[in-house]
Structures are given as C-alpha cells and as structure tokens.
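Fold and geometry: a report
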Amino acid sequence: MKLKQLEGLLGNLEQFSCPKIELEQYPTSAHIASRMLFSAEKTFGDVTGKVVADFGCGCGTLGIAAALLDADYIVGVDIDAQSLETASVNAEDMEVELNLMQCDINNLNWRGQFIDTAIMNPPFGTRKKGADMNFLSVALKVATRAVYSLHKTSTRDHVKKMALRDCDATSAEVLCELRFDVPQLYKFHKKKEVDIAVDLWRFVPPKDQERVVKTFSPHQ
Amino acid sequence: MRLLTHNMLSCNIKGVTNGFPLRIEVEKSMEKEVDFNIDFLKSIFSKVEWTALVEAARSLGYNDLPEEVVDSSTMLESSDFLKKFHHALLELHLEEGALICPETGRRFPVNKGIPNMLLHEDEV
Ligand SMILES: C[S@@+](CC[C@H](N)C(=O)[O-])C[C@H]1O[C@@H](n2cnc3c(N)ncnc32)[C@H](O)[C@@H]1O
C-alpha cells in the first residue's frame, strides 16, 4: 500500500463524537497516523506480519493503519467504551480485524509476551499528570520489539531519561518532529496550544527483561 | 473476543495471583472466517497456553483440539492440526457473556465482543 492511499483511507474514519476532556480524546490526524505506521514498517519492519498493540486506541486510527499494513493481529485498548464502539464500527467499515478491550492502561495485566510492537498517541498528561509516562512504561513492558509513541517536544529530555533510565529501554530515538493539530475541541485551550510540536519516538524495549505478568506503572 | 485475546488476559485485580485463565461464561458466541496464515500460527504457537485454549474453545462449543500437544514440531507440520488451531484461536468469538476470575469469582462482562477489564476503586 502506498502512503497516500493509507492516508486517504484513514481520513474516512469516524472520530470522537463527543470527546472527553479528562481523557484527552483527540484523534491522530490521517496525515500523522499514516506516516507513523508507514515509517515503522518501511524503515524498521515493525508492522507487517507482527502482533501489534494500540494503547489508548480511541476510535482505532493507529490500529487500523497497522491492519492496513498487514499486521497479523492487533489489540486495541482504551478506557472509554464509547470510543471502542466507534473503533469497532471503523474496523468493520474498513474490513479489517481489530481486537478491542476496555481497560485502564495502568491496570493492564497481560501474559505471554504476545506483543511485538506497541503504537500509541497517549494522553500528553495535561489533564492527568504523568499519564504519558505511564503509557510509555507499560508499553515498554508489554512490547518485545518496538514502541512508537508521540510526546510533546517540550518534554523530550524527560521522555528520554524516563525511557532509558527508569524503564531500561535499549534505545530511545526521535524519528521526527511534527506539528500536531490539537483541534480547538476544548474551550480552555489557549491559542498557542492549538498547534503544538510533537516528537515521534521509537523505543526499543529492554532485551532480556523478565516479563512479569503484572505491569503496574511506577507513577501512579 | 477471539480466544487469542483470551489467552493473553488474566485477572488484573491487585493481589490476585492465580488470575489465569479466566473462565468463560457464554451468552452468545459466533464464528467468523479469517484467512489462514500458517507462519503466524507457527510463530504464535509457543506463546499460547494450550490448556487454556482447549478449555476456552470447549466453553464455546468447539471440542476438536487435542487435550495435549506432545510433539509440537510434528504437530505444526500437520495441516489438520493447524486448521483446528487456526479455527479455535482466531475464528471463534465470544460476543456476549463474561470472563470470570478463577481466584475471586469476579465477573468481567463482555459486550459486543469487547471485554470490560475496568476495575472498581477497591480493586486497584
Ligand atoms: C490522544 S487520544 C488518541 C486516540 C487514538 N489512539 C488516535 O490516535 O486517534 C488518547 C486516548 O487514550 C485514551 N485514554 C486516556 N487515558 C487512558 C487510560 N488510563 N487507559 C486507557 N486509555 C486511556 C483516551 O480515551 C483516548 O482515546
């Protein structure tokens, strides 16, 4: 599949109909989502034929992008039932298979090292401090191959330190800097927050970590 | 919910140590055909907890999986075995029902094929 084609398909997806502020619900644009998954596959081979988890999947954009790039099995997790229903309809419309589950990422308890690659656009932690880092730490425990995530550029040093030092990631690399249109969904958004600088990261999880079943994050 | 997803899930209540596998309570199940992907089946096999899959399939009314896989390298060459494994792992769905923690009996509801693993405040 070509990048433009992928972007075009993702552009048709239904997004949050009444976004919940406290959960930081805003979609990843088709432009960004397509590039995120495309480079994950074309540069690193992390998607096609892989088992992929989409953390905070919302309406399923990233997971569906992975499916369109022929991931073998995709699990989407979100705390919000309404978004999951939209994700389910989106997957059906696109004729792809998403396996959805409702769970708070902080209480995820998976066994078996099934997940190769985690992809996510986590809450930036503007509503709930540390939410972004909690997502990252859980993803680095669950994924065995790679984690792709978006974080505010202003937090770059912190993200790096957190990944390498606290989560023992093997590597943490900014693939590119993006402009992220957080649409003015919420009245409290100050103007300067509408278009923010965001990094696309690729992390490699610790190699020989003992994959304990419990994955409670340290920042709760 | 497919049984591969079921195979990943264990009870996430704090303090629970024997939360796997979750028992399946069925109100409605269904079957949906998906493409047969032999490489995927072979690579995922070693990660699957076999007994849990056998029991889960049985609770959805599918009894054709062997109780035990003794010689997995031979089995994984058998197309008959792979077809059954494929069917149980990827084509059976729990649509409505619940997942039950073997230790505490806590019910996690499954609606429209989506398991709800949200915890109550006193469970985290
Ligand atoms: C920025 S949105 C991204 C949505 C979607 N992945 C996308 O790319 O369009 C963040 C998502 O994380 C979910 N979320 C927030 N906190 C969560 C938590 N603790 N556990 C699971 N999901 C959560 C929200 O419901 C929302 O769907």
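Residues numbered from 1 in each chain as written. Chains lettered and ligands numbered in written order. Predicted model: local features only at pLDDT ≥ 70, side-chain atom pairs only at ≥ 80, totals over all residues. Heavy atoms only, no water.

We now examine the overall build of chain B. Along its length, chain B carries 5 helices and 4 strands. Listing each helix as α and each strand as β along chain B from the N terminus yields α-β-α-α-α-α-β-β-β. The C-alpha atoms of chain B give a radius of gyration of 15 Å, which matches the 14 Å a tight globule of 124 residues would have. Seen through its C-alpha atoms, chain B measures out along the principal axes to roughly 50 × 30 × 20 Å. Classification of the 124 residues of chain B by burial places 48% in the buried group. Considering only intrachain contacts with a sequence separation of at least 6, the fraction spanning at least 24 residues in chain B is 67%. For chain B, the centre of its 13 positive side-chain charges and the centre of its 21 negative side-chain charges are spaced 4 Å apart. (Helix = DSSP H or I, 4+ residues; strand = E, 2+ residues; numbered from the N terminus. Rg over C-alpha atoms; globule rule 2.2 N^0.38 Å. Buried < 20%, exposed > 50% of the residue type's maximum accessible area, 1.4 Å probe, protein only. Contact = heavy atoms within 4.5 Å. Lys, Arg positive; Asp, Glu negative; His and termini not counted. Charge placed at Lys NZ, Arg CZ, Asp CG, Glu CD.)

Take helix α1 (residues 3-10) of chain A next. All names here are of chain A. For α1, the set of buried residues is L6, E7 and L10. Burial along α1 is one-sided: seen end-on, the buried residues are contained in an arc of 100°. Looking at the buried positions of α1, the neighbouring elements they touch are α2 (30-42) and α3 (61-68). (Arc of directions from axis to C-beta.)

Residue and element names in this part refer to chain A. Around the ligand sit 21 residues in total, of which Q25, T28, G56, D78 and I105 are the nearest. Between the ligand and G56, the relevant distance is 2.8 Å, taken from a nitrogen atom to a main-chain nitrogen or oxygen of the residue. A distance of 3.4 Å separates a nitrogen atom of the ligand from a polar backbone atom of C57. Considering the ligand on its own, with 600 Å² of exposed area, one finds that the protein chains cover 97% of that surface. Of the residues contributing to the shell around the ligand, the split by class is 11 nonpolar, 7 polar and 3 charged. (Near = heavy atom within 4 Å. Polar contact = N/O pair within 3.5 Å; in protein donor to acceptor, adjacent residues only side chain to side chain. Areas by Shrake-Rupley, 256 points an atom, 1.4 Å probe, with all protein chains shown as cover. Nonpolar A, V, L, I, M, F, W, Y, C, P; charged D, E, K, R; others polar.)

Here we come to the interface of chain A and chain B. Taken residue by residue, the interface counts 26 residues in chain A and 31 residues in chain B. Here chain A packs against chain B, burying approximately 2,400 Å² in sum over the two surfaces, 58% of which is carbon and sulfur. Three residues, A:Y73, A:R111 and A:F114, lead the burial of chain A against chain B; their summed loss comes to 28% of the area buried on that side. Put simply, chain A and chain B have 3 salt bridges between them. The residue B:K112 makes a salt bridge to A:E85 at a minimum N-O spacing of 3.3 Å. Here chain A is connected to chain B by 16 residue pairs in polar contact (both at pLDDT 80 or more). (Buried area = accessible area lost by both parts, 1.4 Å probe. Salt bridge = Lys/Arg side-chain N within 4 Å of Asp/Glu carboxyl O.)

Attention now moves to the sheet that holds strand β1 (residues 23-31) of chain B. All names here are of chain B. Across the sheet, 4 strands lie side by side as β1-β2-β3-β4; this open sheet has antiparallel pairing. Looking at which strands have only one partner, the edges of the open sheet turn out to be β1 and β4 (114-115). Two elements, β1 and strand β2 (residues 92-100), share 8 bridges in a ladder whose sense is antiparallel. Opposite E25, over in β2, you have A98 as the bridge partner. (Pairing = 2+ DSSP bridges.)

Let us now look at the side chain of A:D116. Locating A:D116 in the fold gives a position in the loop between β3 (99-102) and β4 (117-120). Buried within the structure, A:D116 lacks any salt-bridge partner; its nearest side chain of opposite charge belongs to B:K47, at an N-O separation of 4.3 Å. When neighbours within four sequence positions are excluded, A:D116 is seen to be in contact with A:K50, A:V51, A:A143, A:T144, A:R145, A:A146 and B:K47.

As a further point, take the packing of aromatic side chains. In the structure shown here, the tally under the stated rule is 13 aromatic pairs over all chains. Relative to A:F180, the ring of A:Y26 lies with its centre 6.0 Å away and its plane at 75°, an arrangement referred to as edge-to-face. Placement of A:Y26 in the loop between α1 and α2 and of A:F180 in strand β6 (residues 171-181) is noted, with a sequence separation of 154 residues between them. Given the relative accessible area of 8%, A:Y26 is considered buried. Summarising the aromatic geometry, the rings of B:W50 and B:F81 are spaced 5.5 Å apart at their centres and angled 35° between planes, so their arrangement reads as tilted. Of this pair, B:W50 sits in helix α3 (residues 50-59) while B:F81 is found in helix α5 (residues 79-91), placing the two residues 31 residues apart along the sequence. According to the relative accessible area criterion, B:W50 is buried, its value standing at 10%. By relative accessible area, B:F81 is classed as buried at 3%. Connected via pairs of aromatic rings, a cluster forms that spans B:F45, B:W50, B:F81 and B:F85. (Phe/Tyr/Trp six-rings, centres within 6.5 Å; stacked < 30°, edge-to-face > 60°.)

Position of B:N12 relative to the elements: it lies in the loop between α1 (3-8) and β1. Note on B:N12: relative accessible area 1%, which makes it buried. A distance of 3.0 Å separates the side chain of B:N12 from the backbone oxygen of A:N107, its partner in a polar contact.

The next thing to look at is the packing of helix α5 (residues 131-142) of chain A against helix α6 (residues 156-166) of chain A. Residue and element names in this part refer to chain A. Where α5 meets α6, the axes come as close as 10 Å, and the angle between the chain directions of the two elements is 35°. By crossing handedness, the relation of α5 to α6 is classed as right-handed. Of the residues in α6, those touching α5 at M133, L136, S137 and L140 are H158, V159, M162 and A163. (Axes fitted to C-alpha atoms, helices over the stretch in contact; angles between N-to-C directions. Left-handed = near helix turned anticlockwise from the far one by under 90°.)

Once that is clear, we can look at the packing of α1(A) against α2(A). Residues and elements named next belong to chain A. Relative to each other, α1 and α2 sit at 135°, their axes nearing to 8 Å. In terms of orientation, α1 lies oblique with respect to α2. The handedness of the crossing between α1 and α2 is right-handed. Contact residues: α1 offers L3, K4, L6, E7 and L10, while α2 offers A30, H31, A33, S34, R35 and F38. Its residues assigned to classes, the contact of α1 with α2 shows 6 nonpolar, 2 polar and 3 charged. (Parallel < 35°, antiparallel > 145°, perpendicular 65-115°, else oblique.)

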